[in-house]
Amino acid sequence: MHLILLLPLLVALTAFFLPKKLVREFSLAFSGAFFLFSIYVLTQYNPMNHYNFTYFHEAFLVGTGGSLHIGLDSLGVLMFVLTNFVVLYANIMAWNKSYSSSFYGCTFLMQFALVGVFASLNAILFYFFWELALLPIYYIVYKWGNGKDLSKTFIRFFVYTFVGSLFILAAFILFAVETKSGSFEITEMAKTSLTGNTQILYTIFLVIGFGVKIPIFPLHSWQANTYRKAPAEGTILLSGIMLKMGLFGLLRWLIPFQEEVLPLMQKLILVLAIVGTLYGAILALRRNDLKLIAAFSSLSHVGLIVAGIFTFKFLGFQGSGIQMLVHGINIVGIFYIIDIIERSTGTRYLTELGGISSKAPIFSTLAFIIILGSIAVPLTNGFPGEFLLLMSVFFYNPILGALAGVTVILGATYMLRMFQRAFMGEVSESVSDFKPVSKTDLIALGFIALLVIVLGIYPQAVLDLTANSSQYMTNLLELKNN
């Protein structure tokens, strides 16, 4: 089972050295095979066996507390599938472009690191993969990004994420020093605990470290321009799966180590998350660039996930699990749609678009279904998770719940505005020569639209998968505070 980690590394090393005329087919074939394999792993996973999920454990860096200890719990399995899904779509989107072998090598190297992040059961190993995952995306953004002041955007992205990583390392070192455990195994760390000021520091360090990657307001200022200037494939890697690293980190390395709930800090983080949710939605309302609208909508959606997590309630944990998966699917779909529009018209500005539906009715229908999922219409995949998260926030504090609920209205407004301006109305000059959407693109978008409907009608399969881990964290927090 440890092949889930090694195979992407072997494919990455091969891709780096393959000639350009072969690497595209090679990468698409392997990314498709990896996705199918991840579905197989998902079907074999037993959620009732949640506490016995070690796949591989060998000593490594003896004396430092590090070890090669990997395994997948229910949330890890979902993120493993999502990682393979996003990498597959990055390869599909790259099909009509002329990327060099290093692009595909970086993509699979990033997949290797991401699987490592979601499978690590040792804090040092987790930090190693966390850092490694950043290197390929730095190169992808810098090498294939475009737009004015790209270097300035890249430096901001680098500084934010690098400094954020140092806070994570500082938190793990603080834990080891204060508890004198000498081990970074999650099972050993769970037997000890931090209290008082040390727990507050540990929490602050991890909230900053993971909060930069998510991002949480006010640590978000690197996000929008990086999404806008990165190549489309880099944008879906960032939005579809990399920001889940931060959310996963909160659930894996912070929540179980909360020896006692810190009410003031819990409320502060919840308020910041809700502010970020509203702030992102309001900014999305005013933007003309489709990529910026999607970027700020993402800021709004992940803010609600963070708020749900910090309610420390079963509903919040359940909602965050399914919403992490669904947000990854839908945001890939949204950025894929934007990439097709830009390739077909040469622009992604709303003021230059209009009438796409009369030129490409099937593409427009699929886009509309994915947008409905993004705004959480009932019977679409966005609804169950958003409903659970809003309920959890409302039970924690009705005022915060009501404020979070406003984002449902704002989200529908900016996404439907985007659809109305780009797809409906008279055909604009830019759209008059709209190039036909390929069958490959329609099939890929059709699969996402299918997931929007299937997960909307039957979300129970995902909820059943994450129920045990959600209940475990809920019981753990209740036990520690009684």
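Residues numbered from 1 in each chain as written. Predicted model: local features only at pLDDT ≥ 70, side-chain atom pairs only at ≥ 80, totals over all residues. Heavy atoms only, no water.

Undergrad: Account for the overall build of the protein, with residues named and values stated.
TA: Across its full length, the protein carries 19 helices and 2 strands. In terms of overall dimensions, the protein is globule-like: its C-alpha atoms have a radius of gyration of 21 Å, near the 23 Å expected for 482 residues. With the C-alpha coordinates aligned to their principal axes, the bounding extent of the protein is approximately 70 × 55 × 45 Å. For the protein, the residues scored as buried account for 60% of the 482 residues in total. The contacts in the protein between residues at least 6 apart in sequence include a share of 83% that link residues at least 24 apart. (Helix = DSSP H or I, 4+ residues; strand = E, 2+ residues; numbered from the N terminus. Rg over C-alpha atoms; globule rule 2.2 N^0.38 Å. Buried < 20%, exposed > 50% of the residue type's maximum accessible area, 1.4 Å probe, protein only. Contact = heavy atoms within 4.5 Å.)

Undergrad: Which residues make up unusual backbone geometry, and what values do they have?
TA: Cis geometry marks the peptide bond from Ile214 to Pro215; its omega dihedral reads -10 degrees. Relative to the assigned elements, Pro215 resides in the loop between helix 8 (196-213) and helix 9 (223-229). A cis amide bond links Phe217 to the next residue, Pro218, at an omega of 5 degrees. Structurally, Pro218 is set in the loop between helix 8 and helix 9. Notably, Phe312 is not glycine yet its phi reads approximately 60 degrees, a positive angle. In this structure, Phe312 sits in the loop between helix 12 (290-309) and helix 13 (314-345). The class for Phe312 is buried, based on a relative accessible area of 11%.

Undergrad: Which residues make up helix 16 (residues 382-396), and what values do they have?
TA: Think of an α-helix as 3.6 residues a turn; residues three or four steps apart then line up on the same face. When the terminal C-alpha atoms of helix 16 are compared, their 22 Å separation across 15 residues agrees well with the 21 Å that a helix rising 1.5 Å per residue should span. What helix 16 keeps buried is the set Gly382, Pro384, Gly385, Glu386, Leu388, Leu389, Leu390, Ser392 and Val393. (Expected span 1.5 Å × (residues − 1).)

Undergrad: How would you sum up the packing of helix 5 (residues 123-144) against helix 10 (residues 232-254)? Please name residues and give values.
TA: Across the interface, helix 5 lies against helix 10 with an axial gap of 12 Å and an inter-helix angle of 165 degrees. The pairing of helix 5 with helix 10 is recorded here as roughly antiparallel in orientation. Crossing hand, helix 5 versus helix 10: left-handed. Contacts between helix 5 and helix 10 pair Ala123, Phe126, Trp130, Ala133, Leu134, Ile137, Ile140 and Val141 from the former with Gly234, Leu237, Leu238, Met242, Met245, Gly246, Gly249 and Trp253 from the latter. Per-class residue counts for the contact of helix 5 with helix 10 are 13 nonpolar, 3 polar and no charged. (Axes fitted to C-alpha atoms, helices over the stretch in contact; angles between N-to-C directions. Parallel < 35°, antiparallel > 145°, perpendicular 65-115°, else oblique. Left-handed = near helix turned anticlockwise from the far one by under 90°. Nonpolar A, V, L, I, M, F, W, Y, C, P; charged D, E, K, R; others polar.)

Undergrad: Let's hear about helix 3 (residues 74-93): which residues, and what values?
TA: In a regular helix each residue adds 1.5 Å, so 20 residues correspond to 28 Å; helix 3 covers 29 Å between its end C-alpha atoms and thus fits that length. Counting buried residues in helix 3 gives 20 out of 20 residues, a clear majority hidden from the surface.

Undergrad: How would you explain the environment of Ala402 if you had to name every residue and give the values?
TA: Following the sequence through the fold, Ala402 ends up in helix 17 (residues 398-423). You can call Ala402 partly exposed: its relative accessible area is 46%. Considered as a pair, Ala402 and Leu390 are 12 residues apart in the sequence and their alpha carbons are 8.4 Å apart.

Undergrad: Outline the nonpolar core, listing residues and values.
TA: Phe85, Tyr202, Trp253, Phe310 and Phe363 are the most contacted members of the largest nonpolar core, which has 175 residues in total. Excluding residues that lie within four positions of it along the chain, Tyr202 makes contacts with Ala171, Phe172, Leu174, Phe175, Met189, Leu194, Trp253, Leu254 and Phe257. (Core = buried A, V, L, I, M, F, W, Y, C linked by side-chain atoms within 4.5 Å.)

Undergrad: How would you sum up the side chain of Asp441? Please name residues and give values.
TA: Among the structural elements, Asp441 can be located in helix 18 (residues 439-457). Judged by its relative accessible area of 3%, Asp441 is buried. A distance of 2.5 Å separates the side chain of Asp441 from the side chain of Tyr336, its partner in a polar contact. Among residues more than four places away in sequence, those in contact with Asp441 are Asn96, Tyr336, Ile340 and Arg343. (Polar contact = N/O pair within 3.5 Å; in protein donor to acceptor, adjacent residues only side chain to side chain.)

Undergrad: With reference to specific residues and values, describe the environment of Leu132.
TA: Tracing the backbone shows Leu132 in helix 5. C-alpha separation for the pair Leu132 and Trp144, spaced 12 residues apart in sequence, amounts to 19 Å. Leaving out residues up to four positions away in the same chain, Leu132 has contacts with Phe112 and Ala113.

Undergrad: Describe the packing of helix 10 against helix 13, and please don't skip the residues or the numbers.
TA: At their nearest, the axes of helix 10 and helix 13 sit 8 Å apart, and the two run at 170 degrees to each other. Here helix 10 lies roughly antiparallel to helix 13, going by the angle between them. Along its contact with helix 10, which presents Ala232, Thr235, Ile236, Ser239, Gly240, Leu243, Lys244, Leu247, Phe248 and Leu251, the element helix 13 presents Phe317, Ser320, Met324, His327, Gly328, Ile331, Val332, Phe335 and Asp339. Considered class by class, the residues forming the contact of helix 10 with helix 13 number 11 nonpolar, 6 polar and 2 charged.

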